[in-house]
Amino acid sequence: LRDQSGYSVLAAVPLIPVRERKNVISYLKTKPESMVSEAVRNLRTSILMSNLNQVKQVIMLTSSVPKEGKTILSFALAQNMVGLGKRILLIEADIRRSTHSVKINRQNTVAFVDLILGNKEFKDVNLFVEELGHDILTASKTDMNAADIFASHRFPKLLTELRNHYDYILIDSPPVLSVPDARLIGANSDVSIYIVKWDKTTR
């Protein structure tokens, strides 16, 4: 991967040994010394230590195609960064999907589209989810075209507001080969992390 792309590999993260994705959050919280947690901690360090002159407040995570572990790794990295004692926000930006890869209690969560479309104001909502230990804006489908939303002035405007309240904002974006959303999100992010499933994703 390094030889083909010219970019350095930040970390190699093993598969999380759970049968159901709904158990991922529990695994990460109860096994902080596992190989997975150590690998995610190594990824965190690699991100923060690379190019020390670069701002790394807004971090987008993407992949080429679905099912490369992008969403699970986004949750794992957010949970791991909580250990730094920082204010963390995770944004589920794949608003085209009707199902969620990671199962959490979303009953009282705030939808990302509600903030970006102005249906709710950031100052009026509580984004913290006890189960996760950090703030989250969840994905929900909308009748509007997702690419149009990310290309509008609303997205950078919301990010500017969020930057004032969080140390790190992680954005779980759609895969880049499926839809144009990630390119639009990446243009407003400080860092883009590209996730590849080892020995599976084609060149």
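Our subject is the structure listed above.
Cut-offs applied
Residues numbered from 1 in each chain as written. Predicted model: local features only at pLDDT ≥ 70, side-chain atom pairs only at ≥ 80, totals over all residues. Heavy atoms only, no water. Helix = DSSP H or I, 4+ residues; strand = E, 2+ residues; numbered from the N terminus. Buried < 20%, exposed > 50% of the residue type's maximum accessible area, 1.4 Å probe, protein only. Core = buried A, V, L, I, M, F, W, Y, C linked by side-chain atoms within 4.5 Å. Contact = heavy atoms within 4.5 Å. Pairing = 2+ DSSP bridges. Salt bridge = Lys/Arg side-chain N within 4 Å of Asp/Glu carboxyl O.

**Observations concerning unusual backbone geometry**
Leave glycine aside and you will find that most residues have negative phi; peptide bonds, for their part, are mostly trans.
Moving on, step 1. Phi angles above zero are rare outside glycine, and K67 is one such case at about 65 degrees.
Moving on, step 2. Within the secondary structure, K67 is located in the loop between β1 (58-63) and α4 (70-81).
Moving on, step 3. Here the phi dihedral of D199 falls at roughly 60 degrees; this positive angle occurs in a residue that is not glycine.
Moving on, step 4. Among the structural elements, D199 can be located in the segment after β7 (191-195).
Moving on, step 5. Look at D199 and you get exposed, because its relative accessible area is 68%.

**A closer look at the nonpolar core**
Moving on, step 1. With 30 residues, the main nonpolar core has I59, F75, L77 and L170 as its most contacted residues.
Moving on, step 2. Of all the secondary structure elements, the ones that give two or more residues to this core are α2 (24-30), α3 (35-49), β1, α4, β2 (88-92), β6 (168-172) and β7.
Moving on, step 3. Take this core: its biggest share by element is seven residues, from α4.
Moving on, step 4. Apart from the residues lying within four places of it in its own chain, the contact partners of I59 are I47, M81, Y168, I169, L170, I171, V191 and I193.
Moving on, step 5. Formed by 28 residues, the second largest nonpolar core is a distinct cluster that contains F112, L115, L127 and I169.

**As for the pairing of β2**
Moving on, step 1. Burial within β2 is extensive, with five of its five residues counted as buried.
Moving on, step 2. Here β2 shows two buried faces, one formed by I88, L90 and E92 and the other by L89 and I91.
Moving on, step 3. Pairing of β2 with β6 involves five bridges; the strand directions are parallel. Each bridged residue has a counterpart across the sheet, and for E92 the counterpart in β6 is D172.
Moving on, step 4. The pairing of β2 with strand β5 (residues 134-138) spans three bridges and is classified as parallel. Bridge assignment links L89 to a residue of β5, and that residue is D135.

**Examining the pattern of salt bridges**
Moving on, step 1. Taken as a whole, this structure holds eight salt bridges when the rule is applied.
Moving on, step 2. One salt bridge in this structure joins R96 and D181, with 2.8 Å as the shortest N-O distance. Of this pair, R96 sits in the loop between β2 and β3 (110-111) while D181 sits in helix α8 (residues 181-186); the two residues are 85 residues apart in sequence, bridging distant segments of the chain.
Moving on, step 3. Judged by relative accessible area, which is 30%, R96 ranks as partly exposed.
Moving on, step 4. By relative accessible area, D181 is classed as buried at 0%.

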